[in-house]
Amino acid sequence: MKLGVLTSGGDAPGMNAAIRAVVRQADALGHEVYGIYRGYQGLLDGDMAPLATRSCANILQRGGTILRTARCPEFHQPERRADAAGRLKAVGIEALVIIGGDGSFRAAEALSREHGIACAGIPGTIDNDLPGTDRTLGFDTALNTAVEAIDRIRDTASSHGRLFLVEVMGRSSGILAVHTAIACGAEAVLYPESPDDTYEALVSQLHANWIRGKRSSIVVVAEGDGVGNAMAVGARLEGDYGLDLRVVVLGHIQRGGSPSALDRIWGSRWGSEAVLRLARGERDFYLGEVAGAMAAQPISRVLDPHPVPAKDLGALVSVLAR
Ligand code: F6P
């Protein structure tokens, strides 16, 4: 069997572990793997080449993706997906392993439904916002990166007695923000799914902390929060209360760096499992971790509503900030 593997959407630490496992598990079973460069964009451009098992040496510990990645709005067009299917068929690629997030899996779902290309998805996004899996590659690393950065900010915040608003990624999801807030002992967190996600609630929380004697605070702000991003919320607080606050946007720092052990382990397990299942004739699924165990979902499950942060986590942030 000839397999294709691509990484698509935002890169995430652990993607290289998954590529390596796909290539080496396929090699162990006697299958051939083509690397498709720059995600679906590379597929449309025919940017692909065989990936030998030795070409995956020394990548397990590297962030980013050796296959490079891209966002490819063109792939929303049915005619372009037909072109992509034609490219795969011309090379004889029967099945595709897609390492990416929501948009990447939606594209895979369309490709398999419209053109019969067998697809296997490996969840890779720092946002951890896919239905049917408790984990996505990169989340654990990004979480630890954000926490490490905020620990440093904490030193200067408490030295100066300042308020810091720290923005973390997550697109429209607050999962990364809430976990970061718990792990760095933030005084408050703003995230889109929060039941009391208002400017007024934030102000009263900060005020209560001040009354309790707290002279510095860290507020974690999810980039997709409804109240505004960290810059906007900071400007409003400055304007309303004249606070000497600082804003830090962690940005793409969260996407880079050497993957955590867990991201390497799940990348390796999912890469291997994807190939084993395709070799058994299974198709159109994506892998995941549910309650600590390997899981698989039909690729169409990506169309389901996305997970939200566990209800108790947001409330826990304010209880623990007392
Ligand atoms: O989906 C991963 C992610 O890092 C989001 O958290 C963020 O909103 C987005 O990608 C940023 O995308 P880009 O790198 O294209 O600016």
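The coordinates are above.
Read on for a plain summary of the structure.

Cut-offs used in this document
- Residues numbered from 1 in each chain as written.
- Predicted model: local features only at pLDDT ≥ 70, side-chain atom pairs only at ≥ 80, totals over all residues.
- Heavy atoms only, no water.
- Helix = DSSP H or I, 4+ residues; strand = E, 2+ residues; numbered from the N terminus.
- Polar contact = N/O pair within 3.5 Å; in protein donor to acceptor, adjacent residues only side chain to side chain.
- Pairing = 2+ DSSP bridges.
- Axes fitted to C-alpha atoms, helices over the stretch in contact; angles between N-to-C directions.
- Contact = heavy atoms within 4.5 Å.
- Buried < 20%, exposed > 50% of the residue type's maximum accessible area, 1.4 Å probe, protein only.

1. Overview of the side chain of asparagine 128
Positionally, asparagine 128 belongs in the loop between strand 5 (118-123) and helix 5 (139-160). A distance of 3.2 Å separates the side chain of asparagine 128 from the backbone oxygen of aspartate 134, its partner in a polar contact. At 3.2 Å, the side chain of asparagine 128 and the backbone nitrogen of threonine 136 are in polar contact.

2. Let's talk about the sheet that holds strand 6 (residues 163-168)
Sheet architecture is open: four strands sit in the order 7-8-6-9, paired in parallel fashion. The sheet is open, and its two borders are formed by strand 7 (188-190) and strand 9 (246-249), each paired with just one other strand. Strand-to-strand twist across the sheet, computed as the mean angle between neighbouring axes with direction ignored, equals 20°. Across three bridges, the pairing between strand 7 and strand 8 (residues 217-222) is parallel. Among the inter-strand pairings, alanine 188 is bridged to a residue of strand 8, identified as valine 219. Against the sheet, helix 7 (residues 199-211) makes contact with strand 6, strand 7 and strand 8, and its axis sits at roughly 160° relative to strand 8, the strand it touches most.

3. Section: the sheet that holds strand 10 (residues 285-290)
In spatial order, the strands read 3-2-1-4-5-10-11; together these seven strands make up an open sheet with mixed pairing. Both edges of this open sheet fall to strand 3 (48-50) and strand 11 (293-298), since each of them pairs with a single strand only. Taking the axes of each pair of neighbouring strands and ignoring which way they run, one obtains an average angle of 25° across the sheet. Bridge count for strand 5 against strand 10 is two bridges, and the pairing is parallel. Pairing of glycine 121 across the sheet is with tyrosine 286, part of strand 10. In the packing of helix 1 (residues 15-29) onto the sheet, contacts are made with strand 1 (2-7), strand 2 (32-36), strand 4 (95-100) and strand 5, and the angle to strand 4 comes to roughly 160°.

4. A word on helix 6 (residues 175-183)
Taken as a whole, helix 6 has its buried residues at Ile175, Leu176, Ala177, Val178, Thr180 and Ala181. The inward-facing, buried residues of helix 6 contact helix 5, strand 6, strand 7, strand 8 and helix 10 (311-320). One or two steps after helix 6, the chain reaches glycine 185, where phi turns positive at roughly 65°.

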